[in-house]
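The chain contents come next:
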Amino acid sequence: MKYFMRNDEIRRAKGLVPNWLIAEKLGIHENSFYRLLRQELPKEKKEEILKIIEELKQD
């Protein structure tokens, strides 16, 4: 069941940050964010999401 490991660094980094808040910053719907995480993301997209998570954690 390796699909649980897809985008694991994002799932670990977000902690208690709600998915809807990350999606809002990305400019997408919350459901679209869930769907993004189903597939392994390209490095650039992961970096963008991780940067948003860090910004949200600082607020």
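Quantities reported herein were computed from a predicted structural model and do not represent experimental measurements.

Conventions we followed
Residues numbered from 1 in each chain as written. Predicted model: local features only at pLDDT ≥ 70, side-chain atom pairs only at ≥ 80, totals over all residues. Heavy atoms only, no water. Helix = DSSP H or I, 4+ residues; strand = E, 2+ residues; numbered from the N terminus. Rg over C-alpha atoms; globule rule 2.2 N^0.38 Å. Buried < 20%, exposed > 50% of the residue type's maximum accessible area, 1.4 Å probe, protein only. Patch = residues over 30% accessible without salt bridge, like charges linked within 9 Å, V, L, I, M, F, W, Y side chains within 5 Å. Areas by Shrake-Rupley, 256 points an atom, 1.4 Å probe, with all protein chains shown as cover. Salt bridge = Lys/Arg side-chain N within 4 Å of Asp/Glu carboxyl O. Core = buried A, V, L, I, M, F, W, Y, C linked by side-chain atoms within 4.5 Å. Contact = heavy atoms within 4.5 Å.

S.K.: Help me understand the overall build of the chain in this model?
M.R.: For the chain, the helix and strand inventory stands at 4 helices and 0 strands. Listing each helix as α and each strand as β along the chain from the N terminus yields α-α-α-α. For 59 residues, the compact-globule formula gives about 10 Å, and the C-alpha radius of gyration of the chain, at 11 Å, lands near that figure. Based on the C-alpha atoms only, the size of the chain along its principal axes is roughly 35 × 20 × 20 Å. Looking at the 59 residues of the chain, the share that counts as buried comes to 31%.

S.K.: So what exactly am I meant to see when it comes to a nonpolar patch on the surface here?
M.R.: A surface patch of nonpolar side chains, about 360 Å² in accessible area, is lined by Tyr3, Phe4 and Met5. Inspection of the secondary structure assignment puts Phe4 in the segment before α1 (8–14). Its relative accessible area of 51% is what places Phe4 among the exposed residues.

S.K.: Sorry if this is basic, but what is going on with the nonpolar core here?
M.R.: Burial of nonpolar side chains together is a common tendency in soluble globular proteins. In this structure, Ile10, Val17, Ile22, Ala23, Leu26, Phe33, Leu37, Leu41, Ile49, Ile52, Ile53 and Leu56 together form the largest nonpolar core, which totals 12 residues. At the level of secondary structure, the elements contributing two or more residues to this core comprise α2 (19–26) and α4 (43–58). Per element, the largest residue contribution to this core is 4 residues, and it comes from α4. Other than its neighbours up to four places away in sequence, Phe33 contacts Asn19, Ile22, Ala23, Leu26, Ile28 and Ile49.

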